[in-house]
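Close look at the chain arrangement
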Amino acid sequence: MKIDNKISYFLTGPYIFFGFMFVPGVVLGIQNHLTIITVVCVIAMIYLFSTYSGVEIDTGQKKFRNYNNQFGLFKTGQWHSLDEYIGVTLVPLRKVYTMYSRSNRSNTSHKTEYRIYLVNRAKRPAIPIKKCKTQDDGYKCLDEFAIWLHKPVYSPK
């Protein structure tokens with residue numbers, strides 16, 4: 001069975017606004033018939049909004065790979081053996097994003113997500129394999145991965 005999970009997009013949180021900075025270039029390029037500027041801005045926007053990272057697991061061959069999906073089309077990454085990892089674990093992460101305006105005012109946002117990791121031989125979380133929004137979903141997915149990968153569940157220290 002093949003499992004394919006998206007882990008994170010190239011632009012997340014408040015950094016999505018950087019992607020929208022190309023919209024005026026598209027609009028001005030269309031209005032002034034500047035096709036090169038329009039095409040470059042559209043390609044940049046497509047890249048920023050469609051590129052993401054993920055993990056692909058082949059349970060039949062006991063291999064996985066972390067990949068970057070460029071333009072949402074091309075997966076780049078090396079295959080590794082699952083035998084190097086001794087189990088799976090669920091780790092809560094709190095992501096905090098802080099941006100500063102030109103007047104040095106800060107805008108902070110945060111969110112909590114739960115990630116399932118492969119555990120290395122040192123009994124530490126090593127490779128993220130799934131991102132969940134709630135703790136209950138995380139525990140359900142953790143049980144599924146433990147069954148699919150035939151690995152024990154470790155608790156984070």
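Scroll up for the structure.
Figured I'd write up the structure that's included with this text. Since the structure is predicted, the reported quantities are computational estimates derived from the model, not experimental observations. (Residues numbered from 1 in each chain as written. Predicted model: local features only at pLDDT ≥ 70, side-chain atom pairs only at ≥ 80, totals over all residues. Heavy atoms only, no water.)

1. Structural notes on a nonpolar patch on the surface
- Residues Val39, Val42, Ile43, Ile46, Phe71, Leu73 and Phe74 make up a contiguous nonpolar surface patch of about 640 Å² in total accessible area.
- Considering each element in turn, the nonpolar patch owes the most residues, 4 residues, to helix α3 (residues 35-50).
- Looking at where Leu73 falls in the secondary structure, it is placed in the loop between β3 (63-70) and β4 (74-76). (Patch = residues over 30% accessible without salt bridge, like charges linked within 9 Å, V, L, I, M, F, W, Y side chains within 5 Å. Areas by Shrake-Rupley, 256 points an atom, 1.4 Å probe, with all protein chains shown as cover. Salt bridge = Lys/Arg side-chain N within 4 Å of Asp/Glu carboxyl O. Helix = DSSP H or I, 4+ residues; strand = E, 2+ residues; numbered from the N terminus.)

2. Overview of the packing of aromatic side chains
- This model, assessed by the stated rule, comprises 6 aromatic pairs.
- Where Tyr47 meets Phe71, the ring centres are 5.0 Å apart and the plane angle is 65°; that geometry is what we call edge-to-face. Remark: Phe71 occurs in the loop between β3 and β4 and Tyr47 occurs in helix α3; sequence separation between them is 24 residues.
- Using a relative accessible area of 34% as the deciding quantity, one classes Phe71 as partly exposed.
- An aromatic cluster of at least three residues, connected via ring pairs, comprises Tyr9, Tyr52 and Tyr67.
- Above the face of the Trp79 ring, Lys63 is positioned so that its terminal group lies 5.2 Å from the ring centre.
- Positioned above the aromatic ring of Tyr67, the side-chain terminus of Lys75 is 4.8 Å from the ring centre. (Phe/Tyr/Trp six-rings, centres within 6.5 Å; stacked < 30°, edge-to-face > 60°. Buried < 20%, exposed > 50% of the residue type's maximum accessible area, 1.4 Å probe, protein only. Lys NZ or Arg CZ within 6 Å of the ring centre and 35° of its normal.)

3. Here we look at helix α2 (residues 23-31)
- What α2 keeps buried is the set Gly25, Val26 and Gly29. Along α2, the residues classed as buried sweep out an arc of 100° about the axis, all on the same side.
- Buried residues in α2 make contact with α3.
- Looking at the residues trailing α2, positive phi occurs at His33, about 55°. (Arc of directions from axis to C-beta. Contact = heavy atoms within 4.5 Å.)

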